[in-house]
2 protein chains.
Amino acid sequence: MDRTNWNTRAADRTDRLARAAQALGKARAGKHVEAGSIGELLEAVMQPGDRVCLEGNNQKQADFLARALADVDVSRVHALHMVQSVLSLPEHLDIFESGIARRLDFSFSGPQGARLARLVAAGGIEIGAIHTYLELFARYFVDLTPKVSLIAAQAADAAGNLYTGPNTEDTPAIVEATAFAGGIVIAQVNEVVGALPRVDIPADWVDFVVQAPTPSLIEPLFTRDPAQISEIQVLMAMMAIKGIYAEYGVQRLNHGIGFDTAAIELLLPTYGESLGLKGRICSHWALNPHPALIPAIEAGWVKTVHSFGSELGMEEYVRARGDVFFTGADGSLRSNRAFCQAAGHYACDLFIGSTLQMDLQGDSSTATLGRITGFGGAPNMGADARGRRHASPAWLKAGQQARAGRGGAAGTPRGQKLVVQMVETFREHMAPAFVEKLDAWELQQQAGMDLPPIMIYGEDVTHVLTEEGIANLLLCRTDEEREQAIRGVAGYTAVGLARDRRAVENLRDRGVIRRPQDLGIDPREATRNLLAARSMRDLVRASHGLYAPPKRFRNW
Amino acid sequence: MDRTNWNTRAADRTDRLARAAQALGKARAGKHVEAGSIGELLEAVMQPGDRVCLEGNNQKQADFLARALADVDVSRVHALHMVQSVLSLPEHLDIFESGIARRLDFSFSGPQGARLARLVAAGGIEIGAIHTYLELFARYFVDLTPKVSLIAAQAADAAGNLYTGPNTEDTPAIVEATAFAGGIVIAQVNEVVGALPRVDIPADWVDFVVQAPTPSLIEPLFTRDPAQISEIQVLMAMMAIKGIYAEYGVQRLNHGIGFDTAAIELLLPTYGESLGLKGRICSHWALNPHPALIPAIEAGWVKTVHSFGSELGMEEYVRARGDVFFTGADGSLRSNRAFCQAAGHYACDLFIGSTLQMDLQGDSSTATLGRITGFGGAPNMGADARGRRHASPAWLKAGQQARAGRGGAAGTPRGQKLVVQMVETFREHMAPAFVEKLDAWELQQQAGMDLPPIMIYGEDVTHVLTEEGIANLLLCRTDEEREQAIRGVAGYTAVGLARDRRAVENLRDRGVIRRPQDLGIDPREATRNLLAARSMRDLVRASHGLYAPPKRFRNW
């Protein structure tokens, strides 16, 4: 082997830093760069084909750097390979249209999903793969290591130490992978201060800091106005609490985003209390600081919450409830998406979320035609963590139900994660949630994917919860039983109407399907009066005025 | 709800710090504490029943702090709940015998496994659970958050910033969970310096720093002397490379510890090269810097290696091969067990390891009677990562083989991780590796465990590789087929002799079982001459003198 130089990466880094120093001249002081020179900096440190992470998180966005990247000279910077968790801003796709970027590996593109699909169809973008968040971070350390990362923080000090504030999110994972692989880290900050409230990212790991003209964008993605929770959602939440949480004694859990799970959070201090469940369920959470959790926290249900990111308006509440949240010495939240996803995967007994479509195998997906969106964290949390070895009553019981009476490898005792899909049988515009075939299959053809984009596999789903009842798939022993169990809670959808009534009644006798009345729940009691907060104003009141909802959620 | 103070954790922390300040007096300067006062510090900041993490890593040990903890006044500090990944030093158990600690949650106790079992049997210790590493770290953020953490680093500066050197290992996960939950972090360091080579842990996250009288202990756990590799291991390594790595095109992988996998590493530049596989397999690794990988790196096989920890003696080699390893600006390795386990779980297509026992379901375990050891990282890497959504040829092919012709949920297309168990049919003292029933079942009874301590479940194993051949369990369709496939490579063990010869020949015809000759491998060619290094000296030579093996591995 004639290779003699094995430190080309370090040399390349030195070259890039030297080019930056030259390009910036007096616009640079130490690690600090003037905002007006950001274009020169990017053009100096980037090379065609570079792998680049532009921090597009679930919540906070490196928006100034996104605009700057969209503005670089495409003759100098092009064909970049973007590796970032979320596509959220228009600039995240503009760079593909202009040729600055060519290839994309990502996790979620919610707001840009339709445009992304059009770009892929037009050949304007190569998609590497769609990942769950922790999976993408994992690849940062294997085969998708960024060469340049453009990140966002709240503040920097003179040395370049960063304070992310409550939205630490993806930043530590991105920076660690980049800084320790000879890459270059550029941070936009809202302010430069003499002394940081705390250090989230050491200056050592950061090459350049730019104070952006405007604070970085953050979206309040996890705020749900209780006024919009329906009585059907209250009924479903009652079934979740009594038929699943209490049944298994679920103490550690993650909730998906949405009104269904917000209803559960708001029923804990009322309905949950009436069932005597306080202390027996829902004590430890892997969850962003959901405003809907405030009444349960105030009522003493919640011991700890570790968070992926933060939530706008919850800053003062979190600071005042330091016993519950992970906070720094400054009192503000320290979130961390990588660790919280690990917690959701390995330390939680239950994941409950929603979907747009579920088929007769129990496979479910939010992917719809004409959109390429990805699933964010759901696949990681909505999958059985087969590497898990510690037991809990909930996990053991689920495993026993799944394995009782089975032989061979499938009969070896093992726990199992509870993965609940909570869906109304019809979603908006009377689209059925239950279908014979997922749109995902057609989408696979359309976009040339290796596999259909399934969010949660039927093999991993343990319970399907609709307004008609709960189907416990753990107790099904054949494909036919599973199919009838799903049909049996699919209501008046075509799938539901095509049920074999005798088979469904048999499943009900065996407790595989449970209706509200089987659970001792009277649907007439499922009123909005059960909600611990019925409006945003109630949430603010429950928080003793500490929660400050963003303007769009206030009507007073 | 009458709770008025929700920041008791912060107040408690302030109290403890005040007690420490008082107890230490002039023995403290800023965060720095004199070594002779470590006992006063521990007694001041700890309270009975505290959850404590004593950094007992896979490799480096906070040994000075372990001794100090074993020496505290048990009337002041007792009934601690220890949450630490590895029990390695005698002090890790001494504290249970003396009553300083009572409860234990951990991952691995290799060297202390027998003593741990005796202590449990005598009622001297309550075991919470045994975890895989990432699972334990995940629980640090949910229900096992440490109140006090005792960690080890290479150096500190005056402010208390820490440099871990190449063995960063668990430290970032431990410190983050503790520091952001109102806990107290105490670090032992080998030296205090004016300027650190790099910052691994910000001073903000550290409360006290003590310079230990002697450098912290580190074990070279991943060094295997090529002189001890047998020709049977060479044959098995040839089968692994040709029959599995080449067959699936495995580019991203993790190797377990041991001579079997060291043989594979040493055959890449020789046998692998002769098959034209360079560039087609084994480019990206989640692996400690194994000395046995040096010849493959030098021959240009390896693009990147991300590491859980480091390996003694590899420091200069890593520094000189910066293009391959994750290193800081100082040139030394930055390892990170949490991220590398995430990489092993989500970004690798194959895990290959060894076991002591495998049963007819394919369940395997290294747990043996009279010892409670745990499995470290194996369960996390030796399990199908069901949350994974990105495709690769290896993963897709494994998934296709597992699902072809299946209906229902099991028939939905999905990729699968390759999980290979590589075992000789007999281990030392002629103990058979294949058994009708794992010792794990008796151990479960003995230790009152909820489940038998199984390391890798048969449901997750895809290939069993012995000197007799490869059994591809992905292709088995019934419990009976799987059993015969395992018997068919179990050689002259009782399990192997009890095979149904016709069934086994049928499996061979179908390619479920493949013998060396079926793979075009002549066992006579399996000689030690194929190894790219046949001694420690050869490894040093291959490294151009950069690898400096610890004394115990040198005989020259």
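Our structure's up above, just so we're on the same page.
So, a few notes on the structure that sits alongside this text. Since the structure is predicted, the reported quantities are computational estimates derived from the model, not experimental observations.

Each value, and the rule that gives it
Residues numbered from 1 in each chain as written. Chains lettered and ligands numbered in written order. Predicted model: local features only at pLDDT ≥ 70, side-chain atom pairs only at ≥ 80, totals over all residues. Heavy atoms only, no water. Contact = heavy atoms within 4.5 Å. Buried area = accessible area lost by both parts, 1.4 Å probe. Salt bridge = Lys/Arg side-chain N within 4 Å of Asp/Glu carboxyl O. Polar contact = N/O pair within 3.5 Å; in protein donor to acceptor, adjacent residues only side chain to side chain. 1 Å grid on protein atoms, 1.4 Å probe; cavity = no way out; pocket = protein on both sides within 12 Å on 5 of 7 lines; lining within 4 Å. Points joined across faces, edges and corners; volume = space filled by probe spheres on them. Helix = DSSP H or I, 4+ residues; strand = E, 2+ residues; numbered from the N terminus. Nonpolar A, V, L, I, M, F, W, Y, C, P; charged D, E, K, R; others polar. Least-squares fit on C-alpha atoms with pLDDT ≥ 70 in both. Phe/Tyr/Trp six-rings, centres within 6.5 Å; stacked < 30°, edge-to-face > 60°. Buried < 20%, exposed > 50% of the residue type's maximum accessible area, 1.4 Å probe, protein only. Lys NZ or Arg CZ within 6 Å of the ring centre and 35° of its normal. Pairing = 2+ DSSP bridges. Axes fitted to C-alpha atoms, helices over the stretch in contact; angles between N-to-C directions. Parallel < 35°, antiparallel > 145°, perpendicular 65-115°, else oblique.

Topic: the interface of chain A and chain B
Each partner contributes to the interface: chain A provides 98 residues, whereas chain B provides 98 residues. Across the chain A to chain B interface the summed buried area is about 8100 Å²; carbon plus sulfur atoms make up 59%. The largest contributions to the chain A side of the interface with chain B come from W6, D323 and R389 of chain A, which together make up 10% of the buried area. At the boundary of chain A and chain B, one finds 14 salt bridges. For E459 of chain A, the salt bridge identified is with R414 of chain B, shortest N-O distance 3.1 Å. The interface formed by chain A and chain B includes 56 residue pairs in polar contact (both at pLDDT 80 or more).

Some details on empty space enclosed by the protein
Taken as a whole, this structure holds 6 cavities of 30 Å³ or more when the rule is applied. Lining the largest cavity are 14 residues; nearest its centre among them are P172 and E176 of chain A together with P172, E176 and R334 of chain B. For the lining of the largest cavity, the secondary-structure elements that each account for two or more residues are α7 (171-179) of chain A together with α7 (171-179) of chain B. In terms of residue class, the lining of the largest cavity is built from 7 nonpolar, 2 polar and 5 charged. Along the walls of the second largest cavity sit L134, A338, F339 and A342 of chain A together with L134, A338, F339 and A342 of chain B, which together make up its complete lining. Those elements that place two or more of their residues in the lining of the second largest cavity are α12 (337-346) of chain A together with α12 (337-346) of chain B. Class assignment of the residues belonging to the lining of the second largest cavity gives a composition of 8 nonpolar, no polar and no charged.

What to know about the relation of the copies chain A and chain B
Note on the identical chains: chain A maps onto chain B by a rotation of 180° and an axial translation of 0.0 Å, with an RMSD of 0.0 Å. What we have between these two chains is a two-fold relation. Relative to the rotation axis, the C-alpha of P202 of chain A is the closest in chain A, positioned 3.0 Å from it. Mapped onto chain B, 100% of the interface residues of chain A are again interface residues, and the two copies thus contact each other with one and the same surface.

Remarks on the packing of aromatic side chains
Considering all chains together, one arrives at 8 aromatic pairs over all chains under this definition. Plain terms: the ring middles of F180 of chain B and W205 of chain B are 5.4 Å apart, the flat faces sit at 75° to each other, and that makes the pair edge-to-face. Residue F180 of chain B is found in the loop between α7 and β9 (184-192), and its partner W205 of chain B is found in the loop between β9 and β10 (208-211); the two are separated by 25 residues along the sequence. In this pair, the class of F180 of chain B matches that of W205 of chain B, namely buried. Aromatic ring contacts, followed pair by pair, group F141 of chain A together with F326 and F339 of chain B into a single cluster. The ring of Y457 of chain B carries R414 of chain A above its face, with NZ or CZ at 3.9 Å from the centroid.

Digging into the pairing of strand β7 (residues 148-156) of chain A
Residues and elements named next belong to chain A. For β7, the tally of buried residues reaches 8 of 9 residues, placing the bulk of the element in the interior. Sheet topology note: the strand β3 (residues 51-54)/β7 ladder contains 3 bridges and is parallel. Across the sheet, L54 pairs through a bridge with L150, a residue of β7. What sits between β7 and strand β8 (residues 162-163) in their antiparallel hairpin is a turn of 5 residues, with G160 showing a positive phi close to 105°.

A few points about the packing of helix α16 (residues 479-487) of chain B against helix α18 (residues 501-509) of chain B
Residue and element names in this part refer to chain B. The contact between α16 and α18 brings their axes to 9 Å, and the two run at 90°. By the criterion of interaxial angle, the relationship of α16 to α18 is roughly perpendicular. Within the contact between the two elements, α16 uses E481, Q484 and A485 and α18 uses A503, V504 and L507. Its residues placed into classes, the contact of α16 with α18 shows 4 nonpolar, 1 polar and 1 charged.

Here's the deal with the sheet that holds strand β22 (residues 513-514) of chain B
Reading across from one edge, β13-β12-β11-β14-β17-β20-β21-β22 (chain B) is the order of the 8 strands in this open sheet, with mixed pairing throughout. Each end of this open sheet is capped by a strand with a single partner; those strands are β13 (304-306) and β22 of chain B.

Quick word on the pattern of salt bridges
Counted by the stated rule, this structure contains 78 salt bridges over all chains. Close ionic contact of R386 of chain B with D460 of chain A constitutes a salt bridge, the shortest N to O distance being 2.8 Å. Placement of R386 of chain B in the loop between α13 (378-381) and α14 (393-403) and of D460 of chain A in the loop between α16 (439-447) and β20 (463-466) is noted, with the two residues assigned to different chains. Of the residues examined, D460 of chain A reaches a relative accessible area of 1% and is grouped as buried. Notably, a salt bridge pairs E468 of chain A with R499 of chain A, separated by 2.9 Å at the nearest N-O pair. Pair noted here: E468 of chain A is in the loop between β20 and β21 (469-472) and R499 of chain A is in the loop between α18 (494-497) and α19 (501-509), with a separation of 31 residues, a long-range link. You can call R499 of chain A buried: its relative accessible area is 12%. What emerges from the salt-bridge pattern is a single network uniting D105, R139 and D143 of chain A together with R252, D349 and R388 of chain B.

In short, geometric facts, not functional conclusions.
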